[in-house]
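Residue-level structural notes
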Amino acid sequence: MINWQDMGKLHVISKLEGILGKWFDVEMFYTDAHGKLWSDHASKTYSFKSHFMKVQMQSAYGHDFLAEDIEKMVEKMASTNEVVVYESFFKHVKGVAFPVKVDGEFAGAVFVYPFVLDTATSADVEMLKAQMIECGTTPADAAVACEKIKKMWPRELEYVKELTSLVAEEMVSFHDEITKREDQIQALSSEVGEKYRYHAMIGKSKKMQAIYSLLEKISNSESSVLINGENGTGKELVAKAIHFYSPRKDKMFLAVNCSAFNDNLLDSELFGHVKGSFTGAVKDKKGLFETANGGTLFLDEIGDTTLSMQVKLLRVLQEGTYLPVGATAPKKVDVRIVAATNKNLKEMMAKGEFREDLYYRINVINVALPPLRERHDDIPVLMDYFLKKRCDEAGKALKTFAKKCMEKMLDYPWPGNVRELENEVERLVVLAGDEKMIGPENLSPRIIDWGASAEPAFKGVNTEGTLRDALEQLEIMMIREGLKRCNFNKSKLAKELDISRASLIMKVEKYGLDKRAKAA
Ligand SMILES: Nc1ncnc2c1ncn2[C@@H]1O[C@H](COP(=O)(O)OP(=O)(O)OP(=O)(O)O)[C@@H](O)[C@H]1O
Ligand SMILES: [Mg+2]
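Residues numbered from 1 in each chain as written. Chains lettered and ligands numbered in written order. Predicted model: local features only at pLDDT ≥ 70, side-chain atom pairs only at ≥ 80, totals over all residues. Heavy atoms only, no water.

A tally of helices and strands in the protein chain yields 21 helices and 18 strands. Compactness check: the protein chain gives a C-alpha radius of gyration of 38 Å against a globular reference of 24 Å for 520 residues, more than 25% above the reference. Along the three orthogonal principal directions, the C-alpha set of the protein chain runs to about 125 × 60 × 50 Å. Taking the intrachain contacts of the protein chain between residues at least 6 apart in sequence as the baseline, contacts between residues at least 24 apart amount to 65%. (Helix = DSSP H or I, 4+ residues; strand = E, 2+ residues; numbered from the N terminus. Rg over C-alpha atoms; globule rule 2.2 N^0.38 Å. Contact = heavy atoms within 4.5 Å.)

What follows is about the sheet that holds strand 15 (residues 336-341). To summarise the sheet geometry, strands pair through backbone hydrogen bonds and adopt either a parallel or an antiparallel arrangement. Read from one edge of the open sheet, five strands run 9-12-15-8-16, paired in parallel fashion. Each edge of the sheet is formed by a strand with only one pairing partner; in this case those strands are strand 9 (253-257) and strand 16 (365-368). Mean inter-strand twist for the sheet, computed between neighbouring axes without regard to direction, equals 20°. Taken together, the four bridges between strand 8 (residues 225-228) and strand 15 define a ladder with parallel strand orientation. Residue pairing for strand 15: leucine 226 is matched across the bridge by alanine 339. (Pairing = 2+ DSSP bridges. Axes fitted to C-alpha atoms, helices over the stretch in contact; angles between N-to-C directions.)

What follows concerns the domain arrangement of the protein chain. With domains assigned, the protein chain is organised as domain 1 (4-180), domain 2 (201-370) and domain 3 (373-519). Between the C-alpha centres of domain 1 and domain 2 there is a distance of 78 Å. (Domains from an automatic or database assignment.)

Another point: the packing of aromatic side chains. Evaluation of the coordinates by the stated rule reveals 21 aromatic pairs. On the numbers, 4.9 Å between centres and 80° between planes, the contact of tyrosine 198 with tyrosine 245 is edge-to-face. One end of the pair, tyrosine 198, is in strand 6 (residues 197-198); the other, tyrosine 245, is in the loop between helix 8 (235-244) and strand 9, with 47 residues separating them in the sequence. Among the residues examined, tyrosine 245 registers a relative accessible area of 38% and is labelled partly exposed. Ring centres 6.0 Å apart and planes at 90° place the aromatic pair tyrosine 412 and tryptophan 450 in the edge-to-face group. In this pair, tyrosine 412 sits in the loop between helix 15 (403-411) and helix 16 (417-432) while tryptophan 450 sits in the loop between helix 17 (445-448) and helix 18 (467-485), placing the two residues 38 residues apart along the sequence. According to the relative accessible area criterion, tryptophan 450 is buried, its value standing at 12%. Site record: aromatic cluster; members linked through ring pairs are Phe29, Tyr86, Phe111 and Tyr113. Just above the ring of tryptophan 38 sits the side chain of lysine 36; from NZ or CZ to the centre is 4.5 Å. (Phe/Tyr/Trp six-rings, centres within 6.5 Å; stacked < 30°, edge-to-face > 60°. Buried < 20%, exposed > 50% of the residue type's maximum accessible area, 1.4 Å probe, protein only. Lys NZ or Arg CZ within 6 Å of the ring centre and 35° of its normal.)

According to the stated counting rule, one finds 31 salt bridges in the structure shown. In this structure, the salt-bridge partner of aspartate 357 is arginine 355, at a minimum N-O distance of 2.7 Å. On the basis of relative accessibility, which here comes to 32%, the residue aspartate 357 falls in the partly exposed class. What makes arginine 355 partly exposed here is its relative accessible area of 29%. Close ionic contact of aspartate 411 with lysine 484 constitutes a salt bridge, the shortest N to O distance being 3.4 Å. Of this pair, aspartate 411 sits in helix 15 while lysine 484 sits in helix 18, and the two are 73 residues apart along the sequence. Look at lysine 484 and you get partly exposed, because its relative accessible area is 33%. Ionic contacts of the salt-bridge type, sharing partners, join the residues Lys389, Arg390, Glu393, Glu422 and Glu426 into one network. (Salt bridge = Lys/Arg side-chain N within 4 Å of Asp/Glu carboxyl O.)

Following the sequence through the fold, lysine 91 ends up in the loop between strand 2 (84-87) and strand 3 (94-102). With 308 residues separating them in the primary sequence, lysine 91 and lysine 399 have C-alpha atoms 67 Å apart. Not counting the four nearest positions on each side in its chain, lysine 91 is found in contact with Met127, Leu128 and Gln131.

Each neighbour pair has its own omega, and for tyrosine 113 with proline 114 the value is -10°, a cis peptide bond. For proline 114, the location among the structural elements is in strand 4 (residues 105-117). If you check the backbone angles, glutamate 301 has positive phi at about 55° while not being a glycine. Structurally, glutamate 301 can be placed in the loop between strand 12 (296-300) and helix 11 (307-319). Looking at glutamate 301, the relative accessible area reads 15%, which means it is buried.

A separate point is the packing of helix 18 against helix 20 (residues 501-511). Their axes nearest at 11 Å, the elements helix 18 and helix 20 cross at an angle of 105°. As far as their axial angle goes, helix 20 and helix 18 are roughly perpendicular. In contact with Glu472, Glu475, Ile476, Ile479 and Leu483 of helix 18, helix 20 contributes Leu504, Lys507, Val508, Lys510 and Tyr511. Here the contact of helix 18 with helix 20 is built from residues that sort into six nonpolar, no polar and four charged. (Parallel < 35°, antiparallel > 145°, perpendicular 65-115°, else oblique. Nonpolar A, V, L, I, M, F, W, Y, C, P; charged D, E, K, R; others polar.)

So, about the site of ligand 1. Of all residues adjacent to ligand 1, which total 16 residues, the nearest are Ile202, Gly232, Lys235, Arg419 and Glu422. A distance of 2.6 Å is found between an oxygen atom of ligand 1 and a side-chain nitrogen or oxygen belonging to arginine 419. Coverage of ligand 1 by the protein amounts to 86% of the 630 Å² it exposes when considered alone. If you list the elements that add at least two residues to the shell around ligand 1, you get strand 7 (201-202), helix 8, helix 14 (378-394) and helix 16. Counted by class, the shell around ligand 1 contains seven nonpolar, four polar and five charged residues. Counting residues domain by domain, the shell around ligand 1 receives three or more from each of domain 2 (201-370) and domain 3 (373-519). (Near = heavy atom within 4 Å. Polar contact = N/O pair within 3.5 Å; in protein donor to acceptor, adjacent residues only side chain to side chain. Areas by Shrake-Rupley, 256 points an atom, 1.4 Å probe, with all protein chains shown as cover.)

The subject of this paragraph is the side chain of threonine 233. Looking at the element boundaries, threonine 233 is found in the loop between strand 8 and helix 8. For threonine 233, the residues in contact, after removing those within four places along its chain, are Leu369, Pro370, Pro371, Arg375, Asn417 and Val418.

On the surface, a cluster of negative charge is made up of Asp64, Glu68, Glu71 and Glu75. By the element assignment, glutamate 75 lies in helix 3 (residues 62-77). (Patch = residues over 30% accessible without salt bridge, like charges linked within 9 Å, V, L, I, M, F, W, Y side chains within 5 Å. Lys, Arg positive; Asp, Glu negative; His and termini not counted. Charge placed at Lys NZ, Arg CZ, Asp CG, Glu CD.)

Now for the nonpolar core. Nonpolar side chains in soluble globular proteins generally cluster together in the buried interior. Membership of the largest hydrophobic core comes to 32 residues, with the highest contact counts inside it found for Phe52, Phe111, Tyr113 and Met132. Listed by contribution, the elements that provide at least two residues to this core are helix 2 (51-58), helix 3, strand 2, strand 4, helix 4 (122-134) and helix 5 (139-148). Discounting chain neighbours no more than four positions away, the residues touching phenylalanine 52 are Phe90, Val93, Tyr113, Pro114, Leu128, Met132, Ala145 and Ile149. Counting 30 residues, the second-largest nonpolar core is a separate cluster that includes Val256, Leu270, Phe289 and Ile302. (Core = buried A, V, L, I, M, F, W, Y, C linked by side-chain atoms within 4.5 Å.)

Dropping the structure here:
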């Protein structure tokens with residue numbers, strides 16, 4: 001419940017303890033609801049403000065006498081909300097106790113001890129001295145202790161009572177404050193925790209979080225979506241997440257890879273055909289649009305469709321009607337389209353390879369999935385995720401990656417993106433056999449060799465694909481190697497590369513290259 005250990009560190013508590021000691025020569029201590037003493041009074045090195053208590057605690061049974069007082073008072077405190085002046089084990093020696101209650105429940109008590117009332121006579125003090133000697137204190141020590149014990153005046157006692165209750169109140173409000181903060185941290189961390197995942201997508205990078213929040217925003221919409229991204233970046237996962245968080249979630253989600261069919265076959269696949277419309281059409285066939293009616297159709301690789309297919313797709317999107325192959329009457333359909341491509345449709349439009357009207361019709365909402373090399377933070381998270389998945393599937397105990405293996409995987413640019421990473425982890429789990437730790441020796445050669453050559457800057461640059469992508473790869477390699485060489489000193493590297501420091505920082509941020517520490 002209450003964190004008693006930290007109470008002594010609380011400034012206001014030690015301040016009040018100091019005041020009580022200085023003004024009244026008394027000690028302040030506190031216990032939990034079971035009477036366990038949480039202040040340092042039982043420690044051998046504690047420096048007492050009250051000489052009487054020092055003598056008591058140094059005597060053979062002093063601790064036991066104190067424990068007896070505490071036990072009695074804790075029992076009493078549980079059923080009161082008032083400050084209590086109590087008589088201790090030693091005759092005429094008194095203390096003040098006040099309960100600490102959290103939400104009405106007894107959590108512990110604060111004590112101020114020891115003193116005698118100013119009305120105590122010299123006979124009373126003599127009696128006390130005798131009791132002390134009887135309990136094992138030397139006559140000399142008992143005499144000094146009794147001489148020095150605080151004689152409390154009524155007004156002083158009121159003060160002490162007030163200060164005692166103040167300490168208890170401070171403890172409760174400190175506890176409340178901590179609890180409130182812990183609740184806030186809990187709430188915040190669960191919020192952050194959720195951002196590691198969206199539907200089946202894993203990733204904690206800022207770029208993925210931006211994708212999650214975009215997907216969340218469009219989750220009530222029925223608009224068409226175009227997903228752009230390199231191979232293996234998770235376009236199909238996004239399409240599924242869109243469907244399963246949409247108002248159509250209870251209806252069908254169907255995916256079709258437009259590049260897997262020639263035009264005629266795709267036509268019949270999407271729109272169906274009537275019996276006899278071509279050789280082999282031995283009976284009527286429902287198309288995917290009809291099957292997906294009410295749901296979502298995912299048109300993968302839409303950049304690979306012919307212009308004539310694009311016309312047909314535009315018609316379904318605009319009018320909600322289509323003509324099955326060989327049919328004479330159009331059919332009506334209500335399907336939401338989510339399309340994906342790894343091609344640059346704008347460039348294709350400029351070359352006349354993709355219809356502009358269709359582009360604008362499908363690109364109502366655009367989701368641009370960044371390649372894995374631009375979201376470095378996701379690599380360790382995805383590695384752990386796939387590792388656990390593979391180990392579970394194979395019925396093996398959970399393995400871990402050796403630091404060197406992790407570093408190699410963080411350095412590699414993953415041209416095949418998440419799919420390539422997933423396959424690599426699968427391979428590693430198989431090759432590791434019964435080894436618990438996955439070392440770098442089992443990594444695919446291309447990953448081991450990455451950056452290891454004498455001319456790392458030129459190794460592995462794609463000589464195919466767009467010039468822009470190749471230049472980007474070169475830039476990444478030069479900066480990564482340069483950072484290592486310059487010991488991550490960006491000013492030095494910026495000078496070497498002859499670019500501004502700010503521009504280097506932006507590039508490092510863009511490609512997520514400053515994250516080596518995280519691999520450790
Ligand atoms: N963020 C992610 N979290 C977990 N798994 C992912 C993530 N992104 C991709 N994957 C996995 O990587 C593989 C490739 O994903 P997906 O098929 O969705 O990519 P894609 O962009 O459609 O690729 P392609 O263009 O090659 O068709 C799948 O096995 C998928 O489960
Ligand atoms: Mg795909």
